Amino acid sequence: DVKVTQSSRYLVKRTGEKVFLECVQDMDHENMFWYRQDPGLGLRLIYFSYDVKMKEKGDIPEGYSVSREKKERFSLILESASTNQTSMYLCATHPRTATGHLEEQYFGPGTRLTVT
Amino acid sequence: AQKVTQAQTEISVVEKEDVTLDCVYETRDTTYYLFWYKQPPSGELVFLIRRNSFDEQNEISGRYSWNFQKSTSSFNFTITASQVVDSAVYFCALSEENTGGFKTIFGAGTRLFVKA
């Protein structure tokens, strides 16, 4: 079974702190994603990565950065946390796509971040 | 641009009723993928089904069935004889090819309550 783990289930930080959210997968997947989930808005894509050291902005990258130094690890960084970044953060992965076929995403359990 | 609309925010049914969750999507690509995921109260998203844009065959899996219609850009999900365990948030998602891989957009989700 694919295992996607996230460093914390719950996290409380203060405004202005630098926050690291870690995601680790054990299935050698090339593609990794960070989403945030808010009521009524579904999942919104923050950043994604197709390979080590590669990153692409999603739909809401402002206030976030990412790091992918190793294939299995994809980190989301909040440079200076703000209260509007209070949310559930979900990491997901899927393998490189073969021609004509796209696998589903495998999700981690989520990190509920509260910024006070 | 990609867009996924799940117009039903919440649906409440009584056990054994049938229920249909609507999903309408927008895309300019001819090649794309559609997904449904389930998010139970525990929080972790679970993959239910994948369809590519060239396969309009409907699918049935036990009590679950999916109706994909390109003419109306819809990918609706029906649960027959609903059960309390079906209570969850259900997300429809659309994936299109992007530079280096696929980008996935999720709808806002439909929360289903099944009462005993």
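The paragraphs below set out a description of the structure included in this document. Quantities reported herein were computed from a predicted structural model and do not represent experimental measurements.

### A few points about the overall build of chain A
The secondary structure content of chain A amounts to zero helices and 11 strands. Along chain A, helices (α) and strands (β) appear in the sequence β-β-β-β-β-β-β-β-β-β-β when read from the amino end. For a compact globule of 116 residues, the expected C-alpha radius of gyration is about 13 Å, and chain A comes in at 14 Å, within 12% of that figure. Overall size of chain A, expressed as C-alpha extent along the three principal axes, is 45 × 30 × 25 Å. Within chain A, the proportion of its 116 residues that are buried is 50%. Charged side chains in chain A number 16 positive and 16 negative. The centres of these two groups are separated by 6 Å.

### Focus: the sheet that holds strand β7 (residues 64-70) of chain A
Residues and elements named next belong to chain A. Strand order in the open sheet made by the four strands is β1-β3-β8-β7, with antiparallel pairing throughout. The two strands at the open ends of the sheet, each matched to only one other strand, are β1 (4-6) and β7. The mean inter-strand angle of the sheet, taken between neighbouring strand axes irrespective of direction, is 20°. Judged from the three bridges that link them, β1 and strand β3 (residues 19-25) form a sheet pairing that is antiparallel. Considered in β3, the bridge of threonine 5 is made with valine 24.

### A look at the nonpolar core
All names here are of chain B. Counting 24 residues, the largest nonpolar core has Trp36, Phe77, Tyr90 and Leu112 as the members making the most contacts within it. When contributions to this core are tallied by element, the ones reaching two or more residues are β2 (10-14), β3 (19-21), β5 (32-39), β8 (64-69), β9 (74-79), β10 (88-98) and β12 (110-115). Here this core gets four residues from one element, more than from any other, and that element is β10.

Reading guide: rules and limits
- Residues numbered from 1 in each chain as written.
- Chains lettered and ligands numbered in written order.
- Predicted model: local features only at pLDDT ≥ 70, side-chain atom pairs only at ≥ 80, totals over all residues.
- Heavy atoms only, no water.
- Helix = DSSP H or I, 4+ residues; strand = E, 2+ residues; numbered from the N terminus.
- Rg over C-alpha atoms; globule rule 2.2 N^0.38 Å.
- Buried < 20%, exposed > 50% of the residue type's maximum accessible area, 1.4 Å probe, protein only.
- Lys, Arg positive; Asp, Glu negative; His and termini not counted.
- Charge placed at Lys NZ, Arg CZ, Asp CG, Glu CD.
- Pairing = 2+ DSSP bridges.
- Axes fitted to C-alpha atoms, helices over the stretch in contact; angles between N-to-C directions.
- Core = buried A, V, L, I, M, F, W, Y, C linked by side-chain atoms within 4.5 Å.

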